[in-house]
Amino acid sequence: EVGALKNRTEKIKLPLIDNILKSNEEHALRLLNLIHATKAKKVLFCGVTFKENVDDFRDSPLLKIAKKLSKSNDIKVKVLDYKKVTSKLNLKTTSMDNVLKLDEFDLLILGPYKLDDKTIKQVKRKNKTVIDLLWHKEYQTLSKNSNYLRYN
């Protein structure tokens, strides 16, 4: 992880590492602004780790954004992730059964947690707002919706 590398080499100037960290912060701010621009009141993060099916969320930008949004009185935030992750979070979490009801969110952030095809089809049918962080293999299915935003 870039932050850990920076911390281990505090006494050495590493302009490339500094620029990577700055770029990462700017991407997180851009995503946060995009979320606010949707005016969503209920946001569901599908995964907050760095990749699918891992429990390492140290310095996760998605987790930082979820926590920042959850401090807002206007926005309700929930996380759908693997049990080994959700059991360690200090955020409200949800289950796939609740997600299938589609009343859990008005904005879906597609991260590293993989939704099944049935859920993707329901999200598409209900035309929910989606910000795809390019994690879902079937993004073409959703991309035909008017409320689909591809973050890249």
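Residues numbered from 1 in each chain as written. Predicted model: local features only at pLDDT ≥ 70, side-chain atom pairs only at ≥ 80, totals over all residues. Heavy atoms only, no water.

If you tally the helices and strands in the protein, you get seven helices and five strands. N-terminal to C-terminal, the α/β element order of the protein is α-α-β-α-β-α-α-β-α-β-α-β. Radius of gyration (C-alpha) of the protein: 16 Å, near the 15 Å computed for a compact globule of 152 residues. Taken along the three principal axes of its C-alpha coordinates, the protein extends 55 × 35 × 30 Å. (Helix = DSSP H or I, 4+ residues; strand = E, 2+ residues; numbered from the N terminus. Rg over C-alpha atoms; globule rule 2.2 N^0.38 Å.)

For the structure on display, the rule yields one aromatic pair. A ring pair is formed by Y82 and Y113, whose centres lie 4.8 Å apart and whose planes are at 50°; its orientation type is tilted. In this pair, Y82 is assigned in the loop between β2 (76–80) and α4 (83–86) and Y113 in the loop between β3 (107–110) and α6 (117–126), connecting sequence segments 31 residues apart. (Phe/Tyr/Trp six-rings, centres within 6.5 Å; stacked < 30°, edge-to-face > 60°.)

Once that is clear, we can look at unusual backbone geometry. Of note in the backbone geometry, K39 takes a positive phi value of approximately 60° without being a glycine. Tracing the sequence through the fold places K39 in the loop between α2 (15–37) and β1 (42–46). Classification of K39 as exposed rests on a relative accessible area of 66%. (Buried < 20%, exposed > 50% of the residue type's maximum accessible area, 1.4 Å probe, protein only.)

Everything listed is a geometric property; what it means functionally is a separate question.
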